[in-house]
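Coordinate inspection notes
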Amino acid sequence: MERALIFVRGRVQGVGFRWWTRSRALELGLVGHALNLPDGRVEVSAQGERAAVDALVELLREDPSTRSRPGRVDGVVVQRHAAREGTTGFVER
């Protein structure tokens, strides 16, 4: 198990990006959240099997999107962390 804190920059607020991210994360069996930040980025915390976390990161990065990702992604920064106990579900914040 692993947790990634992913910061996504671009036109990612107000376009359904958090909802889309939540849907992909749930399909991959991940838990965590997607949160709009005041500076216009979206913070994604995704926890689960490393392969599933890596798959979500690739979906967030791919250009052009093969999964109809809304908005436009200009950059993705990933920080890897140890998994947190007790995290359940995947929510939009």
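Note that the structure is a prediction, hence the values are computed from the model and not measured. (Residues numbered from 1 in each chain as written. Predicted model: local features only at pLDDT ≥ 70, side-chain atom pairs only at ≥ 80, totals over all residues. Heavy atoms only, no water.)

Remarks on unusual backbone geometry
Counted only if it meets this: To qualify as a helix, a DSSP run of H or I must reach at least 4 residues; to qualify as a strand, a run of E must reach at least 2; elements of each kind are numbered from the N terminus.
Cis geometry is adopted by the peptide bond preceding Pro64, which originates at Asp63 and carries an omega value of 0 degrees. With respect to the secondary-structure elements, Pro64 resides in the loop between helix 2 (50-61) and strand 4 (72-81).

A few points about the side chain of Arg69
Inclusion rule: Relative accessibility under 20% of the residue-type maximum defines a buried residue, over 50% an exposed one, and the middle range a partly exposed one, all with a 1.4 Å probe and only protein chains included. A positive count includes Lys and Arg, and a negative count includes Asp and Glu. His and the chain ends are not counted in either. Here, a salt bridge means any Lys or Arg side-chain nitrogen found within 4 Å of an Asp or Glu carboxyl oxygen. Any pair of residues with heavy atoms lying within 4.5 Å of one another is described as a contacting pair.
Within the element layout of this structure, Arg69 appears in the loop between helix 2 and strand 4. Although buried, Arg69 forms no salt bridge, and the nearest oppositely charged side chain, Asp63, lies 4.8 Å from it. Discounting residues that sit within four places of it in the chain, Arg69 has contacts with Phe17, Trp20, Leu59, Leu60, Arg61 and Glu62.

Notes on the packing of helix 1 (residues 17-27) against helix 2
This is how the line gets drawn: Under this scheme, a helix contributes an axis fitted over its contacting stretch, all axes are lines through C-alpha atoms, and angles between N-to-C directions fall in the 0 to 180 degree range. With the far helix as reference, a near helix turned anticlockwise by less than a right angle produces a left-handed crossing, and one turned clockwise produces a right-handed crossing. Under this grouping Gly is polar, as are all residues other than the nonpolar Ala, Val, Leu, Ile, Met, Phe, Trp, Tyr, Cys and Pro and the charged Asp, Glu, Lys and Arg.
Orientation of helix 1 relative to helix 2, taken along the N-to-C sense of each, is 150 degrees, at an axis distance of 10 Å. Of the two elements, helix 1 crosses helix 2, and the hand of that crossing is right-handed. When helix 1 is examined against helix 2, the residues Phe17, Trp20, Thr21, Arg24 and Ala25 are found in contact with a partner set consisting of Leu56, Leu59 and Leu60. For the contact of helix 1 with helix 2, a count of residues per class yields six nonpolar, one polar and one charged.

With respect to the sheet that holds strand 1 (residues 2-11)
Note the following rule: Only strands joined by at least two bridges in the DSSP assignment are considered to pair.
Strand order in the open sheet formed by five strands is 4-1-3-2-5, with mixed pairing between adjacent strands. If you trace the sheet from one side to the other, it starts and ends with strand 4 and strand 5 (90-92), each paired once. Each neighbouring strand pair of the sheet contributes to a mean axis angle of 15 degrees, computed without reference to strand direction. Two strands pair when backbone bridges link them, and strand 2 (residues 31-36) and strand 3 (residues 42-48) are joined in this way by six bridges, in the antiparallel orientation. The residue of strand 3 that forms the bridge with Val31 is Gln47.

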